[in-house]
Structures are given as C-alpha cells and as structure tokens.
Amino acid sequence: MRPRAMAMALAAVVAVACAPQPEARPPATTTTTTTATTTTTTTPPTALPGPGGTTVPVFQPPYAFGTPQQHVPPTVDGLVPVVRRIETDRPYVFITVDDGAVRHPAALELMRKSGVEPTLFLNSKHVDGHADYFKTFQGAARVHAHTATHPDLTGTSYDFQRGEICGNADLLRGQLGAQPKLFRPPFGNFDHTTRRAAADCGFTALVMWTAAVNDGVVQFQAGGRLNPGDIVLMHFRTTFVEDFLAFLERCKLDGVTPVVLEDFLADRDAIA
Ligand SMILES: [Zn+2]
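Peer 1: Go over the overall build of the protein chain, please, and point to the residues and values.
Peer 2: On a plain count of helices and strands, the protein chain comes out with seven helices and 12 strands. Buried positions account for 37% of the 272 residues belonging to the protein chain.

In structure tokens:
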C-alpha cells in the first residue's frame, strides 16, 4: 500500500471509531411517520445505583410493612419461645443485622434504596454514645435487643442475664425510642435461664437464624439456597455493602422477598 492510500485507510478507521452509536442513526426506511407518544410508566425500578458504583436490587413490599401478618408463638411456663425460622409458605425471608460495632455510612442508603427493612439486634455498648447514628434508621429498620455487653449467657446467673437483657432494652428505649420485643442471644448461646429472663424483661421471642452472610458470601445452615421463612444473620462490619448486596442478590436469585421480621412475630393480641 502506498503511503497516501495508507493515510486514507487510517482516516477511515478513525472516522468509523468516532461515528455516532448505531442506535443513534436514523432508520433506514424513508417513509417513517413519527407519532408523538406520551408514555407514563408505573413500572417500578428493579435496581438503583448504590454507594461506590454498586447496583442495588430493588424490592417492592408485597404487603404494607408494619401490618402484623402472623402471631409470635406463645410464651409457655414463663419461657419465651425459640424462633429459628418463620413458618410460612409465602416466598419471604428475613434479614437481621447484629451488634452495631461498625457504624457504616452506607447502611441506611442501602436499606432505603432496596426497599428492605432489616431487624437490628443491637448491644448497648455499641449504641451508647452513638445514638445519633442509630436513630437515623427510624422508619428504615426495626431495633431489637442483643444484651448490654455481648457476653456468652449460658450458665450465668438469672440476675446477671436479667441485667444484660433488661438493661439493654432500657437503653434502646431511652436512647433510640425503640420498643424491643425480640431478643437474640450473643453467639446464639442460651439456656433456660435466658428464656426466663427474656420473658421477665417483656420479650416475646428469642430469635436465632438459618443462614448468615460473611465477607460478601451467603452461607446456609442447610441446602444451597434461601427458602421461605429463612432468617439471615449479618453484622455491622466494614463489609456491610458487600454483605447486604450479597443477601439482596441471593434473594433475587432464589425468588424470595425480604420482609419485616416483627410483622411475622406479632404480639398475640395484635391481629384481629
Ligand atoms: Zn452479636
């Protein structure tokens, strides 16, 4: 190829590279009639841009959150019931976020954009002095109890357990205006004394879990997917964004919608 032809060929390549995107070109047909249409769409978004260039899956509430759906099991012989999963055949799951050790700045944004209202099991030691942060979750999450100092309660005295549980409830009420009714024992460890102390402190259920999110991976206690009624555990950690998004993506994949745990553990007089 002679130098001049080479230059023209290169110019043609550059021109193509700089051409408008194909979809911006006019249609090939010459008899196009343009009809002005006003399209009003009510289709909700299925995803929104999130923190750090992430994409946040969006869920539509399948019922009005805050409306009781099922009763909590009864307290029998002064012992709160132990709830490991929610008995439902509706395609719902429940997300819980524990402790409060890392006050992640993107947590509220993720909850609001996804339309998911988690249950937060918070320790006094993480809330005390940081109430302003945890108050921002009002209307976006539900606050429940996880003890004052996060000890292993098993085998400890009634007075000790009652102090940890009632004291935590008092602090959450006083500093956050919360109304804690659900209790999660630290490490998932409890005994009869725990269930009795929780009942005496006004709690209606001790809540465990069936799946957990760690380092951006959802881990199942049984099976390889989320199933209706699963309760998922995660924490306020530096990996909050990865963990929460992993949970949301897993829900989409498995065809389940996260809903509000306390709606399915409603007080026994809360449903007509
Ligand atoms: Zn914990």
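Peer 1: Could you give an account of the confidence of the model for the protein chain, naming the residues involved and the relevant values?
Peer 2: When pLDDT is averaged along the protein chain, the result is 89; 84% of the residues meet or exceed 70. Of the regions scoring below 50 in pLDDT, residues 5-33 engages in three contacts with residues more than four places distant in sequence or in other chains.

Peer 1: Account for helix α6 (residues 192-200), naming residues and giving values.
Peer 2: An α-helix turns once every 3.6 residues. As a result, residues three or four positions apart point the same way. Every buried residue of α6 is accounted for by T194, R195, A197, A198 and A199. Packed against the buried residues of α6 are α5 (158-176), β7 (182-183) and β8 (205-207). Backbone geometry just after α6 places G202 at a positive phi near 95°.

Peer 1: Go over the packing of α5 against α6 with me, naming the residues and quoting the values.
Peer 2: Relative to each other, α5 and α6 sit at 50°, their axes nearing to 9 Å. By the criterion of interaxial angle, the relationship of α5 to α6 is oblique. As α5 packs across α6, the resulting crossing turns out to be right-handed. Every residue of α6 that contacts α5 at Y158, Q161, R162 and I165 is listed here: T193, T194, R196, A197, A198 and D200.

Peer 1: So what's going on with the pairing of strand β5 (residues 119-122)? Residues and values would help.
Peer 2: Where burial is concerned, the two faces of β5 agree: the one with T119 and F121 and the one with L120 and L122 are both buried. Read as a crossover between parallel neighbours, the route from strand β4 (residues 92-99) over helix α2 (residues 107-114) to β5 is right-handed. Sheet topology note: the β5/strand β6 (residues 142-145) ladder contains four bridges and is parallel. Its bridge partner lying in β6, L120 is registered against V143.

Peer 1: I'd like to hear about the environment of D230, residue by residue, with values.
Peer 2: Checked against the element boundaries, D230 lands in the loop between β10 (217-220) and β11 (231-235). Taking C-alpha positions, D230 is 9.6 Å from F220, a pair spaced 10 residues apart along the chain. Contact partners of D230, with chain neighbours within four places excluded, come to R85, V93, T210 and A211.

Definitions and limits used
Residues numbered from 1 in each chain as written. Predicted model: local features only at pLDDT ≥ 70, side-chain atom pairs only at ≥ 80, totals over all residues. Helix = DSSP H or I, 4+ residues; strand = E, 2+ residues; numbered from the N terminus. Buried ≥ 20, exposed ≤ 12 C-beta atoms within 10 Å, placed from the backbone. pLDDT = per-residue confidence, 0-100. Contact = placed C-beta atoms within 7 Å. Axes fitted to C-alpha atoms, helices over the stretch in contact; angles between N-to-C directions. Parallel < 35°, antiparallel > 145°, perpendicular 65-115°, else oblique. Left-handed = near helix turned anticlockwise from the far one by under 90°. Right-handed = clockwise from strand over helix to strand, strands pointing away. Pairing = 2+ DSSP bridges.

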